[in-house]
Amino acid sequence: MRILVSLLALALMAGPLQAAELVMLEQPGCVWCARWHEEVGAAYPNTPEGQVAPLRAVDITGPWPEDLDDIARERLTPTFVLVENGVELARLRGYPGAHFFWPLLAEMLGKLEKATN
């Protein structure tokens, strides 16, 4: 699965610039958010997945970013939303642990590939 994501990253880098990002909706005191940051967050920017869809953290208790006006707000944190050019392509509610996170993220990124074709 990671090989597929790596190939997707290379293909996307070879093509026109993409405006994809992984938006992480979080809030202060969220223990699952903290766990994600401990288990995945530090490495994420250095992974092929992080190259394809850089992480953007949004605190749901603060003002909602204007460029995400078309993205549905969420009360459950963490929630990961794959966004490309202001359009939501996929959403993952909760953090199931690192072992399950990566395959679920790969599935989300597969939707990015379909959206660009």
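These figures come from a predicted structure and were not determined experimentally.

Chemist: Looking at this model, I keep getting lost on the state of the cysteines. Mind explaining?
Modeler: The term disulfide refers to a covalent linkage connecting the sulfur atoms of a pair of cysteines. A full pass over the atoms with the stated rule returns one disulfide. Between the sulfur atoms of cysteine 30 and its disulfide partner cysteine 33 the distance amounts to 2.4 Å. Judged by the sign of its S-S torsion, about 80 degrees, the cystine formed by cysteine 30 and cysteine 33 is right-handed. The pair cysteine 30 / cysteine 33 is uniform in exposure class, with both members buried.

Chemist: Sorry, what's going on with unusual backbone geometry here?
Modeler: Keep in mind that most residues, glycine aside, have a negative phi and that most peptide bonds are trans. Cis rather than trans, the peptide bond between threonine 77 and proline 78 has omega equal to -5 degrees. Counting through the fold element by element, proline 78 comes out in the loop between β2 (55–59) and β3 (79–84). Residues other than glycine seldom take positive phi values, yet asparagine 85 does so here, at roughly 50 degrees. Tracing the chain through its elements places asparagine 85 in the loop between β3 and β4 (87–93). The class for asparagine 85 is exposed, based on a relative accessible area of 59%.

Chemist: How do you make sense of the nonpolar core when you look at a structure like this?
Modeler: When a protein is soluble and globular, its nonpolar side chains tend to lie buried together. Residues Leu22, Trp36, Tyr44, Phe101 and Leu105 are the most contacted members of the largest nonpolar core, which totals 21 residues. Counting only elements with at least two residues in this core, the list comes to β1 (20–26), α2 (31–41), β3, β4 and α4 (98–116). Ignoring anything within four residues of it in the chain, the contact list for phenylalanine 101 reads Leu22, Trp36, Val40, Phe80, Leu92, Tyr95 and Pro96. Core analysis: the second largest hydrophobic core is formed by eight residues, Leu25, Ile71, Val81 and Val83 among them.

Chemist: Can you help me understand the environment of glutamine 27 in this one?
Modeler: Of note, glutamine 27 is situated in the loop between β1 and α2. Through-space distance from the C-alpha of glutamine 27 to that of threonine 61 is 6.2 Å; in sequence the pair is 34 residues apart. Aside from chain neighbours lying at most four places away, what touches glutamine 27 is Cys33, Asp59, Ile60, Thr61, Arg75 and Thr77.

Conventions and cut-offs
- Residues numbered from 1 in each chain as written.
- Predicted model: local features only at pLDDT ≥ 70, side-chain atom pairs only at ≥ 80, totals over all residues.
- Heavy atoms only, no water.
- Disulfide = S-S within 2.5 Å.
- Buried < 20%, exposed > 50% of the residue type's maximum accessible area, 1.4 Å probe, protein only.
- Helix = DSSP H or I, 4+ residues; strand = E, 2+ residues; numbered from the N terminus.
- Core = buried A, V, L, I, M, F, W, Y, C linked by side-chain atoms within 4.5 Å.
- Contact = heavy atoms within 4.5 Å.

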